Amino acid sequence: MKLQLLQKSLVGVSIVVVCCEAGSSAARTASSYDDLVALFKEWREFQTPKRIGGVPDFTPKAVAEQRKGLSAFQKRLASIDSSGWPVPQQVDYHLVRAELNGMDFDHRVLRPWSRNPCFYEVVQESDSDVPAREGPARPLAIELWKYHFPLQPDRLAALREQLRAIPGWLEQGRRNLVEEARDLYFLGARIKHDEAGLLSTLAKGAAEHHPDLVPDIEKAKSAVESFRGWLEERYKTQTRASGVGIENYDWYMKNVHLEPYTWQDQLVIVQRELARAWTHLKLAEHRDRDLPKLEMVATDEEYRRRYREAVNEFVAFLRDQRVFTVRDYYEPALLAREGGFTPPTALRDFFTQIEYRDLRPMRGHGTHWFDLARMEREPHASAIRSVPLLYNIWDTRAEGFATGFEEIAMTAGFLDRAGPRVRELIYVMLAQRGARAVGALRMHSNEWTLEQSVQYAVDHTPYGWLPKDGNTVWFEQQLYLEQPGYGTSYLIGKAHIEQLFADRARQVGDKFNLREFFDAFHAAGMMPVSMIRWEMTGLDDEVARLR
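Residues numbered from 1 in each chain as written. Predicted model: local features only at pLDDT ≥ 70, side-chain atom pairs only at ≥ 80, totals over all residues. Heavy atoms only, no water.

Q: Just to check I follow, could you spell out the overall build of the protein for this structure?
A: When helices and strands are tallied, the protein shows 22 helices and six strands. Here the protein has a C-alpha radius of gyration of 24 Å; the compact-globule value for 547 residues is 24 Å, and the two agree. Overall size of the protein, expressed as C-alpha extent along the three principal axes, is 65 × 60 × 50 Å. Across the 547 residues in the protein, those meeting the buried criterion constitute 58%. The contacts in the protein between residues at least 6 apart in sequence include a share of 79% that link residues at least 24 apart. Surface exposure of the protein reaches about 22900 Å², of which carbon and sulfur atoms provide 51%. (Helix = DSSP H or I, 4+ residues; strand = E, 2+ residues; numbered from the N terminus. Rg over C-alpha atoms; globule rule 2.2 N^0.38 Å. Buried < 20%, exposed > 50% of the residue type's maximum accessible area, 1.4 Å probe, protein only. Contact = heavy atoms within 4.5 Å. Areas by Shrake-Rupley, 256 points an atom, 1.4 Å probe, with all protein chains shown as cover.)

Q: How should the confidence of the model for the protein be read in this particular structure?
A: Predicted coordinates in regions of low pLDDT should not be interpreted in detail. Looking at the protein, pLDDT values average 94 and 95% of them are 70 or higher. Confidence drops under a pLDDT of 50 for residues 1–28, and excluding neighbours within four residues, the segment shows 58 contacts in the predicted structure. (pLDDT = per-residue confidence, 0-100.)

Q: What's the story with the pattern of salt bridges in this structure? I'm lost.
A: Side chains that differ in charge, positive against negative, can pair when their charged atoms come close. Scanning the entire structure with this criterion turns up 47 salt bridges. Note that E179 and R111 form a salt bridge whose closest N and O atoms lie 2.7 Å from each other. Of the two residues, E179 is situated in the loop between α6 (153–176) and α7 (182–209) and R111 in the loop between α4 (87–110) and α5 (112–115); the sequence distance between them amounts to 68 residues. Judged by its relative accessible area of 24%, R111 is partly exposed. Of the charged contacts in the structure, one is a salt bridge between D541 and R533, with a shortest N-O distance of 2.9 Å. A relative accessible area of 4% places R533 in the buried class. One continuous salt-bridge network, built from bridges that share partners, spans E273, R276, E407, K494 and E498. (Salt bridge = Lys/Arg side-chain N within 4 Å of Asp/Glu carboxyl O.)

Q: I tried to follow the nonpolar core on my own but got confused; where do I start?
A: Proteins that are soluble and globular tend to have nonpolar side chains buried together. Ranked by internal contacts, the top residues of the largest apolar core, which has 129 residues, are W43, L318, F324, F405 and M531. It is helix α16 (residues 420–444) that contributes the most residues to this core, 14 residues altogether. With 37 residues, the next largest nonpolar core counts V123, L163, I166 and L198 among its residues. (Core = buried A, V, L, I, M, F, W, Y, C linked by side-chain atoms within 4.5 Å.)

Structure (structure tokens):
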């Protein structure tokens, strides 16, 4: 695909920057792309919170200073005229604009430091399969998966410093949290319960190799338990809903996530996907009615063998069918994500119910790990796209592609040798994504509580495979309540990619080539699909809706 030809033929668009002070619409002066890159680098340094004694500073004074500094960056960006630049450079302008608007939304609407106890999370057990941690940033969160005992001296010192900052961070949280948000307080207390358990496990591991670290862990755990008790007491008197409201949701989608679909648009799309998933599932069940049910894997050994076989088969399919260019590091990246085995005696949550019946359908979602490996080994030439975008701005691209590729791979033939009933699992997963997305939207419109959203997802997921007493449904709805748009990004991104696919196929006609399409899609980087579509097709109708 000749991106350069498309870019040269594209008419420049004017871009409106949302600023929070009067005077921000002043006349813009001619500027170079280098000015934008310089601003971006300064911005990234600015948005990193200052620390005092290892504790991030989100006191009212620090927050006020940050907002004042943000206004200065917005004015500088507004003075840059990008309308005559090549499309990729105009896209980068949009991305910087979106990040600044993300902080603006934090200050005006989300205010996580003063209304969201989850903001004060201090321990995270596992790594993430997306460019940055899902949901709002956690200024002080120990990534436990990065520490393996025994620790080297520098790693030990880093962990000790983080642990010692926890009591002060939680004490600051008590002072900062002055607003009501009932469901977020419930979730904050729930997180602290889990964190206390993780710190207990950490203490046991440290006792053998670094006994002098145990007192620091115990102090951190004590602070976590005390903070949990404080949240539980405050929760009892909370009445205010936690959603951002439809008007704010729409502003956020348009100005931060560069998403042309409103709250109402998204509700229509996800409800349609939910109904479609259930319909196709029941049709597949009818077709397969005389076939035996899929059997669950029985042992750890069987799970590991079938996982490796599924990865090998998936990568071979991508390569042999020329779906997209397969890098040498793709298969090792996927094999490294094998995970552990959950015995039959333990609660098996939703994705375990899928995986243990057949390990192939979820491999499409494993393209997340291809994306991350590619970002590390082949970073984008643009300084702005070479690092993960803030505020989960990449969500429709990351989650939308991973979700969409499950069905794309199946339709392209990946599951042809798997047996008919395996295809049913694809529709079960789509139904679950639709059910949880409806709940996410209803929470942000403040029509539903967290409890109602959870119950809806449980009730509308086939076969009862999303247990209410499991962790998945609660973690997901917490993430979606904290981060507007994330709950719908799986299906909205999928729909957006399908639109891009159709647009490009119509443009090139008989010359359409699947590998060329997906290679160009991947080369664009981890950014909103609206921006990728603009680069790949030259179509700026969605960009016009973002003005």
